[in-house]
Amino acid sequence: MATAGGEVTCVDFWANGFGMRARIALRELGVAFRYVEEDLRSGDRSELVRRMNPVHRSIPILIHGGRPVCGSVNILEYVDETWGNDGGPRLLPRDPLQRAHARFWADFVDQKVFSTQTRFLKSKGAEKEAAKEELLDQLRRLEEVLGDKTFLAGDEFGFLDAVLIPFSSMFHGYEQHGGFSLETECPSLMRWVRRCKERDSVKSVLPDEDEMYELHKKWYGISE
Amino acid sequence: MSPPVKLIGAFGSPAVHRAEAALRLKGVPYELILEDLENKSELLLKSNPIHKKVPVLLHGDRTVCESLVILEYIDETFDGPPLLPADPYDRSMARFWAHFIDHKCAKPFMLSMWSEGETQKESMKESKENLAFLEEQLIKRKKRFFGGDSIGYLDIAACGMAYWLGVIQESAGVSLASGEEFPALRRWAEEYTSDEAIKPCLPDRDKLLTHYVANIDKYRLMVKAPPA
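Residues numbered from 1 in each chain as written. Chains lettered and ligands numbered in written order. Predicted model: local features only at pLDDT ≥ 70, side-chain atom pairs only at ≥ 80, totals over all residues. Heavy atoms only, no water.

In the nomenclature of an unreviewed UniProt entry, chain B is known as glutathione transferase of Digitaria exilis. Taken from UniProt, the Sequence similarities (unreviewed entry) comment for chain B reads in full: "Belongs to the GST superfamily." Quoted verbatim from the Catalytic activity (unreviewed entry) heading of the UniProt record, the comment on chain B is "RX + glutathione = an S-substituted glutathione + a halide anion + H(+)". (UniProt positions renumbered as here; feature names shortened; annotations may be inferred.)

As annotated in an unreviewed UniProt entry, chain A carries the name glutathione transferase and comes from Digitaria exilis. Per UniProt, chain A has the following entry under Sequence similarities (unreviewed entry): "Belongs to the GST superfamily." Per UniProt, the comment on chain A under Catalytic activity (unreviewed entry) is "RX + glutathione = an S-substituted glutathione + a halide anion + H(+)".

See the structure below:
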C-alpha cells in the first residue's frame, strides 16, 4: 500500500522530537518509507538537507516522489491528506472546529512548550526554577485538553498525539533535571503517555529515555 | 442558516486583517469587535485565555484562535472560493511559506526596523534574504498571486509584506530595498492591496503610519527585551 506518487523518504535524526512526529504518522497510516539519518551532532548539514530544505536547513524532511515537504506539523498534514483516506485511519479530526483546536494546541506545543523546555534544560538557579514551573503549568494545561478522553482529540490516536508524544521521551530527563515526578504532577497525562506507547508506531520510534537525556545533557552542557 | 460570525480584532493588526480578508473573500458577513489592546476586554480574555491576543473568531458558540488556524477553519467551514489549493503538495507549500513568514521573517524584520548597529545591519541582510525567497516563489508561479489567478491562503498570510512593510519602513525611516529590487513582490503587493475584497479591511494608511510613528519608542524597547 501507499507508495502512490513515488518513493517516500524521511530524513531525520533518532533524537529529534520533531522528526519522531513524522515517523509516527507515517507508521500510523502504514506508509512504507526509507529512513535517512542526518547526524545533528555534526555541525554541518548534509548536501541532501541543504538541497531539500535550503530555507531552514532543518529536519525532518519528507521527500515524496523527489519533492520535499518541510516542517514537522506541515508533514503531518501532508501525510494525512495524501495517505489518510475515507476508509482508514485519519490523523486529523473531520470536523473543522476540532481540526482548528488540534492545530491550535499543536501551535501551543511548538510556540510555548518547546521553548520553555529548552530554557528549563539550559538554565540554572532562579531562571531554571521559573522555567520548571512554567513547563509544569503547560503540561497541566495539556492535561486539561486531554480531560477524560482516551487521546488528545478523542477516541482515536491522531495528529495532536503525534505532536506531543515525542516530548515524553524527555520526561525522564525533565524529572532528573528538575527533581520532580511527573506521575505526581500530571498523572493523567502520564496515563496517556503509556497508552500511546502501546502503539507499534510510537514504540518503534520513541528512543530510550536515558539515551535522550544523556544526549541532551551533552548538547546543553548540563552537569549533575 | 449559519450562526453569526464575530471577529475580535484591533486596529492595525495584520493578523486580524488575515481573518477579515478570508471572511470577505468567502462572502461571510461578520461583526468586528475592536479591542483596545492596552485595556483588553473580558470577552477577549475569556475567549483566548492562553495567548490573550487578537484575532479571535467567534462562530456561534465556537471559538477559534491564531490567525493561520482561523484561515483554515474559514476555508473548511464556509462555501465560496477555496483559499488553499486542492493538491496536497501545493497545500504543503502554501503552509510552509506561511509558517516561514511568521517564524522566520517577523523577528528579523522587527529588528531591522527598531534595533541599531550590528544587530540592525545583520537583520536587514537577513530580511532581504527572506524577501528574495518570497520573490523567487512568486516568479516561479508565473501568476498574479501566490494562490494563482486569484487571492489565496498564502497571499493573505503574506499581507504584512503587501501593506505593513511599506508603512513600517516609512515610520522608522529605514528602507530595506531600493525601488528596483523585488519587482514581482512590488507588483503583487499592488494587486493584493487594490483587490475589491481586500481594500475595505486594510487599515487607513495615514492612521497606520501615525500609529507606528507614535509607538516607535515602545517598539525599540520591545526588540531589546530578551525573548519570552
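Visitor: Honestly, the confidence of the model for chain B in this entry has me stumped. Any pointers?
Guide: The predicted coordinates should not be examined in detail at positions where pLDDT is low. Considering every residue of chain B, the mean pLDDT works out to 96; 98% of them sit at 70 or more. With a pTM of 0.96, the predicted complex shows an ipTM of 0.96. (pLDDT = per-residue confidence, 0-100.)

Visitor: Explain the UniProt feature "coiled-coil region" (unreviewed entry) in chain B here, please?
Guide: The sites that carry the UniProt feature "coiled-coil region" (unreviewed entry) are, in the present numbering, residues 117–144 of chain B. Segment residues 117–144 of chain B splits into 89% helix and 0% strand. End C-alpha atoms: 37 Å apart. (Helix = DSSP H or I, 4+ residues; strand = E, 2+ residues; numbered from the N terminus.)

Visitor: Looking at this structure, how should I read the domain arrangement of chain B?
Guide: The parts lose accessible area when they come together, and the size of an interface is often stated as this lost area. Residue and element names in this part refer to chain B. Under the domain assignment used here, chain B contains domain 1 (5–77) and domain 2 (88–224). When each unit is reduced to the centre of its C-alpha atoms, the spacing between domain 1 and domain 2 is 21 Å. Each partner contributes to the interface: domain 1 provides 16 residues, whereas domain 2 provides 23 residues. Interface area, domain 1 with domain 2, both sides summed: about 1,700 Å², of which 65% is carbon and sulfur. It is Phe-11, His-17 and Arg-18 in domain 1 that bury the most area against domain 2; as a group they hold 37% of the surface buried on that side. If you look at where domain 1 meets domain 2, you find 3 salt bridges. In this structure, Glu-72 and Arg-95 form a salt bridge, with 2.8 Å as the shortest nitrogen-oxygen distance. There are 7 residue pairs in polar contact (both at pLDDT 80 or more) connecting domain 1 and domain 2. When residues of the side of domain 1 that touches domain 2 are traced back to their parent elements, those giving at least two are α1 (14–25) and α3 (67–77). (Domains from an automatic or database assignment. Contact = heavy atoms within 4.5 Å. Buried area = accessible area lost by both parts, 1.4 Å probe. Salt bridge = Lys/Arg side-chain N within 4 Å of Asp/Glu carboxyl O. Polar contact = N/O pair within 3.5 Å; in protein donor to acceptor, adjacent residues only side chain to side chain.)

Visitor: Quick question: what am I supposed to make of α1(B) here?
Guide: Along an α-helix, residues three or four positions apart point the same way, because every turn accommodates 3.6 residues. All names here are of chain B. Under the 1.5 Å per step criterion, the end-to-end length of α1 is 16 Å for 12 residues, consistent within 8% with the ideal 16 Å. Within α1, 9 of the 12 residues are buried, which leaves it mostly tucked inside the rest of the structure. Two or three places before Ala-15, at the opening of α1, Ser-13 has a side-chain oxygen 3.3 Å from that residue's backbone nitrogen. Looking one or two residues past α1, Gly-27 carries a phi angle of roughly 70 degrees, positive in sign. (Expected span 1.5 Å × (residues − 1). Buried < 20%, exposed > 50% of the residue type's maximum accessible area, 1.4 Å probe, protein only.)

Visitor: How should I be thinking about the UniProt feature "domain: GST N-terminal" (unreviewed entry) in chain B in this particular structure?
Guide: Taking the numbering used here, the UniProt-annotated feature "domain: GST N-terminal" (unreviewed entry) corresponds to residues 3–82 of chain B. End-to-end, the C-alpha atoms of residues 3–82 of chain B are 20 Å apart, and along that stretch the chain is 36% helix and 21% strand.

Visitor: Got a minute to help me understand the pattern of salt bridges in this structure?
Guide: When their charged atoms lie close together, side chains carrying opposite charge are able to pair. By the definition in use, this model includes 36 salt bridges over all chains. A:Glu214 is the partner of A:Lys217 in a salt bridge, and the nearest nitrogen-oxygen pair spans 3.2 Å. Taken together, the residues span about one helical turn, with A:Lys217 and A:Glu214 both in helix α11 (residues 209–220) at a distance of 3 residues. A:Lys217 gets classed as buried once you look at its relative accessible area, which sits at 14%. Here B:Arg205 ties to B:Glu170 by a salt bridge, and the two come within 3.0 Å at their closest N and O atoms.

Visitor: Would you explain the sheet that holds strand β2 (residues 34–37) of chain A in this entry?
Guide: In a beta sheet, neighbouring strands pair by backbone hydrogen bonds and run either parallel or antiparallel. All names here are of chain A. The sheet built from 4 strands is open, its strands ordered β2-β1-β3-β4 with mixed pairing. Bordering the open sheet on either side are β2 and β4 (67–70), each of which pairs with just one other strand. Between one strand and the next, the sheet's axes are offset by a mean angle of 25 degrees, whatever the strand orientation. Where strand β1 (residues 8–12) and strand β3 (residues 61–64) come together, 4 bridges link them in antiparallel fashion. Note on β3: the bridge partner recorded for Val-11 is Ile-61. In the packing of helix α3 (residues 72–83) onto the sheet, the strands contacted are β1, β3 and β4, and the crossing angle to β3 comes to about 30 degrees. (Pairing = 2+ DSSP bridges. Axes fitted to C-alpha atoms, helices over the stretch in contact; angles between N-to-C directions.)

Visitor: Teacher, can you tell me more about the interface of chain A and chain B here?
Guide: Each partner contributes residues to the interface: chain A has 28 residues there, and chain B has 26 residues. Note on chain A versus chain B: buried area summed over both sides is about 2,400 Å², and carbon and sulfur give 62% of it. With a shortest N-O distance of 3.0 Å, B:Arg95 and A:Glu81 are connected by a salt bridge. Looking at the side of chain A that touches chain B, the elements with two or more residues in it are β4, α3 and α4 (96–122) of chain A. The dominant element in the side of chain A that touches chain B, judged by the number of residues it contributes, is α4(A), at 13 residues. Class assignment of the residues belonging to the side of chain A that touches chain B gives a composition of 12 nonpolar, 6 polar and 10 charged. (Nonpolar A, V, L, I, M, F, W, Y, C, P; charged D, E, K, R; others polar.)

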